[in-house]
Amino acid sequence: MTANKYSILLPTYNERENLPIIIWLIVKYMQEANIDYEVIVIDDGSPDGTLDVAKELQKIYGENRILLRPRAAKLGLGTAYIHGIEHANGNFIIIMDADLSHHPKFIPQFIALQQSGKYDVVSGTRYTGDGGVYGWDFKRKLISRGANFLSQLLLRPNASDLTGSFRLYKKDVLKELISRCKSKGYVFQMEMIVRARQLNYTVGEVPISFVDRVYGQSKLGGSEIVQFAKNLLYLFATT
């Protein structure tokens, strides 16, 4: 398709049931679209044996497609991306969740949009076009919508979905954005888009359907919501 190579970063923690499915789907859609890719699994010491599953998958698909870059402990999303970038051979980076909430079928759409508009960042959005959220209860939807609305109101980022974590970046752009981000957890993704706008990077959006995780526990709790509110105010004060 092009001379570009796409490094897909998959941070994992207790995803042994989901990992074989997400990897199979990634391989299927990347092969069908004839896209050069690699998947970098960044496991943060999962006690459920996620890394052992990843090793088996590497035997199936090959070491040139599945790269294992584990870490000793759960060290956070931002540092997982930094760790992944250091080992990435691609000139583009795709970040997505390993819990099947992000469907790999959208990746070729991200790439096509990036190429047509020469975007620095392409972000999956649940809130425009035929994008949507499936499997969330009313409370979870309310939190997400409310967070997004507040963020739009205070930060005016010209992007419809700030808290999503399914994105395509030019590698050097992602490095620059991470170096400027101060937030952790739930707010990290939001700050990445805000900083991108600040630095005049171009951001395109692809409507996606987000499906709540199939196996395992959701990682959003009360402490994350408090953290989100604090960080939102910080961003409002500093951008």
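Residues numbered from 1 in each chain as written. Predicted model: local features only at pLDDT ≥ 70, side-chain atom pairs only at ≥ 80, totals over all residues. Heavy atoms only, no water.

Named according to an unreviewed UniProt entry, the protein chain is Dolichol-phosphate mannosyltransferase subunit 1 originating from Aedes albopictus. Reading the Sequence similarities (unreviewed entry) entry of the UniProt record for the protein chain gives the comment "Belongs to the glycosyltransferase 2 family." Among the UniProt annotations of the protein chain, the heading Function (unreviewed entry) holds the following wording: "Transfers mannose from GDP-mannose to dolichol monophosphate to form dolichol phosphate mannose (Dol-P-Man) which is the mannosyl donor in pathways leading to N-glycosylation, glycosyl phosphatidylinositol membrane anchoring, and O-mannosylation of proteins." (UniProt positions renumbered as here; feature names shortened; annotations may be inferred.)

Before going further, it helps to examine the overall build of the protein chain. Of the regular secondary structure elements, the protein chain holds eight helices and nine strands. Here the protein chain holds 239 residues, and 50% of them are scored as buried. Within the structure as shown, the protein chain displays about 10,900 Å² of accessible surface, and the carbon and sulfur contribution to it stands at 54%. (Helix = DSSP H or I, 4+ residues; strand = E, 2+ residues; numbered from the N terminus. Buried < 20%, exposed > 50% of the residue type's maximum accessible area, 1.4 Å probe, protein only. Areas by Shrake-Rupley, 256 points an atom, 1.4 Å probe, with all protein chains shown as cover.)

Once that is clear, we can look at the packing of aromatic side chains. Using the criterion set out here, one finds three aromatic pairs in the structure. Here the aromatic rings of Y81 and F188 are separated by 5.9 Å at their centres, their planes lie at 35 degrees, and the arrangement is tilted. With a gap of 107 residues between them, Y81 in helix α3 (residues 77-86) and F188 in helix α7 (residues 188-198) connect regions that are remote in the sequence. Taken as a pair, Y81 and F188 share a single burial class, namely buried. (Phe/Tyr/Trp six-rings, centres within 6.5 Å; stacked < 30°, edge-to-face > 60°.)

Viewed as axis vectors pointing N to C, helix α1 (residues 19-32) and helix α2 (residues 50-61) meet at an angle of 30 degrees, and their least axial separation amounts to 10 Å. Viewed along their axes, α1 and α2 adopt a mutual orientation that is roughly parallel. Here the hand of the crossing between α1 and α2 comes out right-handed. Each of L19, P20, I23, W24 and V27 in α1 lies in contact with α2, whose residues at this interface are T50, V53, A54, L57 and Y61. (Axes fitted to C-alpha atoms, helices over the stretch in contact; angles between N-to-C directions. Parallel < 35°, antiparallel > 145°, perpendicular 65-115°, else oblique. Left-handed = near helix turned anticlockwise from the far one by under 90°. Contact = heavy atoms within 4.5 Å.)

Note on strand geometry: in a regular strand, side chains alternate between the two faces of the sheet. Of all the eight residues making up strand β2 (residues 36-43), seven are buried; the element is thus mostly covered by neighbouring parts of the structure. Here strand β1 (residues 5-12) runs beside β2; their pairing, made up of eight bridges, is parallel. Paired with P11 across the strands is I42, a residue of β2. In this fold, the crossover linking β1 to β2 by way of α1 has right-handed handedness. Pairing between β2 and strand β3 (residues 66-68): three bridges, direction parallel. Counted as the bridge partner of I40 is L67 from β3. (Pairing = 2+ DSSP bridges. Right-handed = clockwise from strand over helix to strand, strands pointing away.)

Here we take up the nonpolar core. Taken as a class, soluble globular proteins show a tendency for nonpolar side chains to be buried jointly. L10, L19, I23, I26, M30 and V39 are the most contacted members of the largest nonpolar core, which has 33 residues in total. Elements with a minimum of two residues in this core: β1, α1, β2, α2, β3, β4 (92-95) and α4 (107-117). The residues touching V39, leaving out its near neighbours within four places in the chain, are I8, L10, I23, I26, R65, I66 and L67. In this structure, A80, V173, F188 and M192 belong to the second largest nonpolar core, which totals 26 residues. (Core = buried A, V, L, I, M, F, W, Y, C linked by side-chain atoms within 4.5 Å.)

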